[in-house]
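# Structural characterization, general
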Amino acid sequence: MNAYINNYELLCNAGNTQELMQAVYAKESAIVVDTTYLKDATAGLGKMSYDTIFTAMKEVTQKVLKSSNLENFHNTLLILGSSVGGMQECEEIFYAQSSFKNIDANRYSMNALSDYLLETFKFCNARALSTACTSSANALVLAKRLIDVEAYDNILVMGVDGLCYSTVLGFYSLSVLSNKQCTPFDANRNGMNVAEAVAALLIQNEKQSTSVELKGVGASSDAYHMTNPDPTASGAIASMKNAIEDADLSIEDIDYINAHGTATIANDKVESLALETLFSNKTYISSTKAITGHTLGAAGAVEAIVSCEVIKQSLVPPQTGLETLDNTHINVPLVPIEMRVKNVLSNSFAFGGNNTSLVFGV
Amino acid sequence: MKKIALKVTSASKVYAKEKLDMLEEKRLVPNMMTRRRLTRNAKVMLYLGDQCQFTTGKIVYGSCYSELEETARIANSVLNKELPSPISFQNSVYNTAPSYFSLIHKNKEEIITVSSGMQTSIATLKTAALQALVSGEKVFCVAIECINIKNIEEINRCTEYLEAGAAIVIEVIKETEHTKEIENSKTHGVIDSLQELMSVVTMFENGLDEILIEL
């Protein structure tokens, strides 16, 4: 069985799917310079408008259900990817009370989010994954494989992460947090923007007229360092090769690559090397994190939706924020490119050297 | 629902009221610098991997609370208006333990980390079964909880054992007359997030090494 992405929706700092794509093509970053999280410094962050992460998830999930061919999710598996789970709420209680006493342990971890959706929408079952910044990309990997082996007909993949003090201050402590809007692949880039998002994709075994196929998935581990990518780019190359092979495609079949492109010195250097090695300077590459920031565990799902939109709109996204290309051996467009886009590769890389690549196509 | 048959080729489980003290870190990780950075979950995983004689291949790791100690350190730093330690932050992600395992064993294969609350070990088993089915390879399936942090008594209402883990190596086989559903043999006092995997290890110890699992 093939896996088709039939419906999707998201909420991020730029708004919903339609608003995000407008911002992507207009090169309008939705990153704000924040002064509340850090004591003596500013941070470029991707903040979305919402009440709680739970209401945001419910709203996005309801929209996907309404646009789908399903009456409910009773015959649908939920696979949710997140890196912080219920941390936002637990942090708030802990900082207010300086104690764990009033924290509900069931609302701390990843299942705080998936249990809420399971209860609200009565999915047939739910699983939550957490591999840091590849969490929802890996949720898509499992979804494709479960459809392939005919274990499920319908799977809703969610990528969810809300902003937390732990992540903003954590990335700041690693000296990789930018104090302004991030500039992926730029020679003068100065780091990433932590951001938040909720993204949902309904994957089904039946093709519809507007379907985008999840054609291939690939993953690898660097086995090199907990936070720094392997400088030889072997892990990134392996995950991309695995995904393209799984899709039964060749390098030349890929029309556009939505890069991980966090704008940290290390990631962009190594990812550029991997892209240069595999694609030389032929294939268009850009990172939409210049608009959304890095939505951590939600990034794979957010960028899967961007990839589907690129295919449907036949329009390659330009690189926002780029002034001087660091690696001149890759093809990063500065303006939107109108062309038939048949296949898109999307990369997600995470702490621990966890690499995941996905191929979407028609 | 699709069910597949698995053969368990090796298995191990450990649990301790406060701290597991036989993890043989010095033998398993001779490099002191690396050893000092390991989290408790990583040390337990390295021990279980050694007991199961697994070093390279696909890994599915499960933990409901994962690196609770590092997360608590970060939260206390923020509370005290200090910057978190970069090491604590890098070690706070849920895939820390399998990432250290792969780093130490130079294992470049896929890692999936499951965190499904009290359903974690059954979800980990299902995911490992899928990975074994799709790849045709042996898969290391492991679930660990290490929650022995300062003031844990303020929040712990779910386990008598603050450190515990279970692991198996599986491969897909054709169903035979020996293939059994997972028995409900609860290990008293162990956190529910590990129970199903503990049961599979107990079955293996009792000579039942073929299980059926629903994907």
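Quantities reported herein were computed from a predicted structural model and do not represent experimental measurements.

Quick notes on the rules
Residues numbered from 1 in each chain as written. Chains lettered and ligands numbered in written order. Predicted model: local features only at pLDDT ≥ 70, side-chain atom pairs only at ≥ 80, totals over all residues. Helix = DSSP H or I, 4+ residues; strand = E, 2+ residues; numbered from the N terminus. Rg over C-alpha atoms; globule rule 2.2 N^0.38 Å. Contact = placed C-beta atoms within 7 Å. Expected span 1.5 Å × (residues − 1). Buried ≥ 20, exposed ≤ 12 C-beta atoms within 10 Å, placed from the backbone. Arc of directions from axis to C-beta. Pairing = 2+ DSSP bridges. pLDDT = per-residue confidence, 0-100. Nonpolar A, V, L, I, M, F, W, Y, C, P; charged D, E, K, R; others polar. Core = buried A, V, L, I, M, F, W, Y, C linked by C-beta atoms within 7 Å. Axes fitted to C-alpha atoms, helices over the stretch in contact; angles between N-to-C directions.

What follows is about the overall build of chain A. In terms of helices and strands, chain A carries 10 helices and 15 strands. In terms of overall size, chain A behaves like a compact globule, its C-alpha atoms giving a radius of gyration of 19 Å where 362 residues would be expected to give roughly 21 Å. In terms of principal-axis extent, the alpha carbons of chain A reach across some 55 × 50 × 40 Å. By sequence separation, contacts in chain A at least 24 residues apart represent 79% of the contacts at least 6 residues apart.

Across its full length, chain B carries eight helices and six strands. Taken from the N to the C terminus, the helices and strands of chain B come in the order β-α-α-α-β-α-α-α-β-α-β-β-α-β. The C-alpha radius of gyration of chain B comes to 17 Å, within 12% of the 17 Å expected for a compact globule of 215 residues. Seen through its C-alpha atoms, chain B measures out along the principal axes to roughly 60 × 35 × 30 Å.

Turning our attention to helix 2 (residues 53-67) of chain A. Residues and elements named next belong to chain A. Its 15 residues give helix 2 an end-to-end C-alpha distance of 21 Å, which sits within 8% of 21 Å, the value for a rise of 1.5 Å per residue. If you check which residues of helix 2 are buried, you get Ile53, Phe54, Met57, Val60, Thr61 and Val64. Buried positions in helix 2, seen along its axis, are confined to an arc of 135° and lie on one side of it. In helix 2, the exposed positions that point more than 90 degrees away from the buried face belong to Thr55 and Lys66. Along its buried surface, helix 2 packs onto strand 1 (4-12), helix 3 (87-97), helix 4 (111-121), strand 6 (154-161) and strand 8 (197-204).

Residues and elements named next belong to chain A. When you tally the buried positions in strand 9 (residues 212-221), you get 10 out of 10 residues, the bulk of the element. For strand 1 and strand 9, the ladder comprises two bridges, and the chain directions are antiparallel. The residue of strand 9 that forms the bridge with tyrosine 4 is glutamate 213.

Now for the sheet that holds strand 2 (residues 32-34) of chain A. The strand order 2-3-7 (chain A) describes an open sheet built from three strands, whose pairing is mixed. A strand with exactly one partner marks an edge of an open sheet, and here the two such strands are strand 2 and strand 7 (194-195) of chain A.

Moving on, we get to the confidence of the model for chain B. When pLDDT is averaged along chain B, the result is 96; 100% of the residues meet or exceed 70. Prediction confidence for the complex, expressed as pTM and ipTM, is 0.98 and 0.97 respectively.

With 50 residues of chain A at the interface, the matching set in chain B holds 44 residues. Counting residues per element, the ones that place at least two in the side of chain A that touches chain B are helix 3, helix 4, strand 5 (125-129), helix 5 (135-148), helix 6 (165-173), strand 9 and helix 7 (234-246) of chain A. By residue number, the principal contributor to the side of chain A that touches chain B is helix 6 of chain A, which donates six residues. Its residues assigned to classes, the side of chain A that touches chain B shows 23 nonpolar, 20 polar and seven charged.

Further remarks concern unusual backbone geometry. Residues and elements named next belong to chain A. Of note in this structure, serine 98 is not a glycine but carries a positive phi near 50°. In this structure, serine 98 sits in the loop between helix 3 and helix 4. In the Ramachandran plot, alanine 132 falls in the positive-phi region, its phi being about 55° despite a non-glycine side chain. Topologically, alanine 132 is positioned in the loop between strand 5 and helix 5. Using a count of 27 C-beta atoms within 10 Å as the deciding quantity, one classes alanine 132 as buried.

All right, on to the nonpolar core then. In globular proteins that are soluble, nonpolar side chains generally tend to be buried together. Counting 204 residues, the largest nonpolar core has Ala143 and Val157 of chain A together with Ile168 of chain B as its most contacted members. Apart from the residues lying within four places of it in its own chain, the contact partners of alanine 143 of chain A are Ala3, Ile79, Ile155, Val157 and Ile203 of chain A.

This paragraph deals with the packing of helix 7 (residues 120-135) of chain B against helix 8 (residues 195-205) of chain B. Residues and elements named next belong to chain B. At a closest axis distance of 5 Å, the pairing of helix 7 and helix 8 adopts a crossing angle of 65°. On helix 8, the residues that touch Ser121, Ile122, Thr124 and Leu125 of helix 7 are Gln195, Glu196 and Leu197. The residue makeup of the contact of helix 7 with helix 8, split by class, is three nonpolar, three polar and one charged.

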